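Architecture at a glance
Single-letter residue listing:
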Amino acid sequence: MENNPSHDELRELLERFFGPSQADSAEQDIRDGDRLFDGSPSPPVAAELLTEIKQRIAVRLSVPHKPAHLLYRYGGAAAAVIVVALIGFFGRPAQEPSDIRYASLIPAAIWDSDDIISDDMKLAYFRSELRRVEAQMLAIDADDGEVATGALDEVEMELIRIERQFWKE
Amino acid sequence: MGASVELTQVINGCKSGDAECFAQVVDLYGGRCYGYFYRLTGDRDLSDELLSELFMKLVEKIGSYKGGSFESWLFRIALNIFHDHLRSRKRQKKLVEGRRADVERRPTETAQSDLTGDKLDRLQMQLNRLDADTRDLIVLRYYSEMSFKEIAEIRSEPIGTALSKLHRGLGKLRELMEG
């Protein structure tokens, strides 16, 4: 590497930084150093290694991949959107909104109406069931002798069934 | 056709993803870069790994090369790869601190021995006795063939500082070789 192009500027640089008197010895040291390296070359690179590297490069180039700059661009845009959304969500001032609307689990049709039961089919069904049971109870009460002995049990079972159905709903 | 024009064409080919052009770059710089890594590490296997990493990195980064000295650009990547390697080895060393006996069997400095079993040449042995920074500078200058301005730029230090260190370092190396 004796023809090192940096040698062209070496003398000028050395004189500038070390002065003319020291530049000679500095230049000599540097040239001696180069000769030292020239005389002790490092082990040569294995041809197999270079071939392997070329193959790896060819494989790498043959595999289509998204260019990194596109990933950065779209990744950055996505990150920006998320940040803006988070700022919008968490960064609102902690003041009471002027117009508060409360949500309810009860359908609007019910709490908007004066007659809750008429607005809900399920409640209407339970009301009819209860009325039927009530009628049976009245019948049992009115007709002591003719009602079978199991009638009370049947009514009781019916009530239990209705109760279960109610809580399932 | 001038060498620089030819190199420019090869690099343009690399930028367009031409594997043949990359192969030419590997042929052109493989030997020098290998020598650079070997003189820094004193280890052939490790130099093989670092050289492979360098050229794979080149494939990744070729798009960011905007002209100027290609060698300077390439050796800057090589220098970063070597420093990354040192950092990862430091991390590795910390991880196995508890197993001191094991650690002692590992090469602790950048180059204490050639793991392939080859005897280190005299120059390599004396290079290993220099401090890491001086060794980096001497090896970088010799193998990269960069100008002092470029070397100083890569090392983020004034040209005068780089020159002084090189002068002192080479003087020390000569003493060691003669001793």
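Below is a summary of the structure that appears in this document. (Residues numbered from 1 in each chain as written. Chains lettered and ligands numbered in written order. Predicted model: local features only at pLDDT ≥ 70, side-chain atom pairs only at ≥ 80, totals over all residues. Heavy atoms only, no water.)

**Digging into the overall build of chain B**
- The secondary structure content of chain B amounts to 9 helices and 0 strands.
- The linear arrangement of helices and strands in chain B, starting from the amino end, is α-α-α-α-α-α-α-α-α.
- In chain B, which comprises 179 residues, the proportion classed as buried is 51%.
- Put simply, of all contacts in chain B between residues at least 6 apart along the chain, 61% involve residues at least 24 apart.
- Of the accessible surface of chain B, which amounts to about 8,800 Å², a share of 47% is contributed by carbon and sulfur atoms. (Helix = DSSP H or I, 4+ residues; strand = E, 2+ residues; numbered from the N terminus. Buried < 20%, exposed > 50% of the residue type's maximum accessible area, 1.4 Å probe, protein only. Contact = heavy atoms within 4.5 Å. Areas by Shrake-Rupley, 256 points an atom, 1.4 Å probe, with all protein chains shown as cover.)

**Re helix α4 (residues 70-95) of chain B**
- For α4(B), built from 26 residues, the straight-helix expectation of 38 Å at 1.5 Å per residue is met to within 8% by its first-to-last C-alpha distance of 38 Å.
- Buried residues of α4(B): F70(B), S72(B), W73(B), L74(B), F75(B), I77(B), A78(B), L79(B), I81(B), F82(B), H85(B) and R89(B), and no others. (Expected span 1.5 Å × (residues − 1).)

**Examining the packing of helix α2 (residues 19-41) of chain B against helix α7 (residues 132-144) of chain B**
All names here are of chain B.
- For the pair α2 and α7, the least separation of the axes is 9 Å and the interaxial angle reads 165°. Relative to α7, the element α2 lies roughly antiparallel. The interaxial crossing formed by α2 with α7 has right-handed handedness. Listed contacts from α7 to R32, G35, Y36, R39 and L40 of α2 are R135, D136, V139, L140, Y143 and S144.
- Taken together, the residues that form the contact of α2 with α7 break down as 5 nonpolar, 2 polar and 4 charged. (Axes fitted to C-alpha atoms, helices over the stretch in contact; angles between N-to-C directions. Parallel < 35°, antiparallel > 145°, perpendicular 65-115°, else oblique. Left-handed = near helix turned anticlockwise from the far one by under 90°. Nonpolar A, V, L, I, M, F, W, Y, C, P; charged D, E, K, R; others polar.)

**What to know about the packing of α7(B) against helix α9 (residues 159-178) of chain B**
Residues and elements named next belong to chain B.
- α9 packs onto α7 with a crossing angle of 95° between their chain directions and a minimal axis gap of 9 Å. Of the possible angle classes, the one that applies to α7 and α9 is roughly perpendicular. In contact with D133, T134, L137, I138 and R141 of α7, α9 contributes A162, K165, L166, G169 and L170.
- Taken together, the residues of the contact of α7 with α9 sort by class into 5 nonpolar, 2 polar and 3 charged.

**A look at the pattern of salt bridges**
- On inspection of all chains with the given rule, the structure shows 19 salt bridges over all chains.
- Notably, a salt bridge pairs R11(A) with E15(A), separated by 2.9 Å at the nearest N-O pair. Residue R11(A) and its partner E15(A) are both found in helix α1 (residues 7-39); the two are separated by 4 residues, about one turn of the helix.
- Taking the relative accessible area as the measure of exposure, R11(A) reaches 24% and is therefore partly exposed.
- On the basis of relative accessible area, E15(A) is assigned to the partly exposed category, the value being 34%.
- Of the charged contacts in the structure, one is a salt bridge between K165(B) and D133(B), with a shortest N-O distance of 3.0 Å. Taken together, the residues span a long stretch of sequence, with K165(B) in helix α9 and D133(B) in helix α7 at a distance of 32 residues.
- Salt bridges here are not isolated pairs; linked through shared partners, they connect R11(A), E15(A), D24(A), E27(A) and R31(A). (Salt bridge = Lys/Arg side-chain N within 4 Å of Asp/Glu carboxyl O.)

**Here we look at the packing of aromatic side chains**
All names here are of chain B.
- Applying the stated rule across the entire model yields 9 aromatic pairs over all chains.
- Ring centres 5.2 Å apart and planes at 55° place the aromatic pair Y65 and W73 in the tilted group. An identical accessibility class is assigned to Y65 and W73; each is buried.
- Plain terms: the ring middles of Y142 and Y143 are 5.0 Å apart, the flat faces sit at 85° to each other, and that makes the pair edge-to-face. Comparing Y142 with Y143, the two get one shared label, buried.
- Among the aromatic residues, those joined into a ring-pair cluster are Y29, Y65, F70 and W73. (Phe/Tyr/Trp six-rings, centres within 6.5 Å; stacked < 30°, edge-to-face > 60°.)

**Examining the interface of chain B and chain A**
- Contact with chain B, which involves 45 residues of that partner, is made by 36 residues of chain A.
- The contact between chain B and chain A buries some 3,600 Å² in all, and 72% of this surface belongs to carbon and sulfur atoms.
- Area buried by chain B at its contact with chain A is led by M56(B), Y142(B) and H167(B), which between them contribute 20% of it.
- Inspection of the region where chain B meets chain A yields 5 salt bridges.
- Applying the counting rule to chain B against chain A returns 8 residue pairs in polar contact (both at pLDDT 80 or more). (Buried area = accessible area lost by both parts, 1.4 Å probe. Polar contact = N/O pair within 3.5 Å; in protein donor to acceptor, adjacent residues only side chain to side chain.)

**Here we look at unusual backbone geometry**
Residue and element names in this part refer to chain B.
- For E145, which is not glycine, the phi dihedral falls at a positive 60°.
- Its location among the elements puts E145 in the loop between α7 and α8 (148-154).
- We note that S156 has phi near 55°; this positive angle belongs to a residue other than glycine.
- Mapped onto the secondary structure, S156 falls in the loop between α8 and α9.
- Residue classification places S156 among the exposed residues on the basis of a relative accessible area of 67%.

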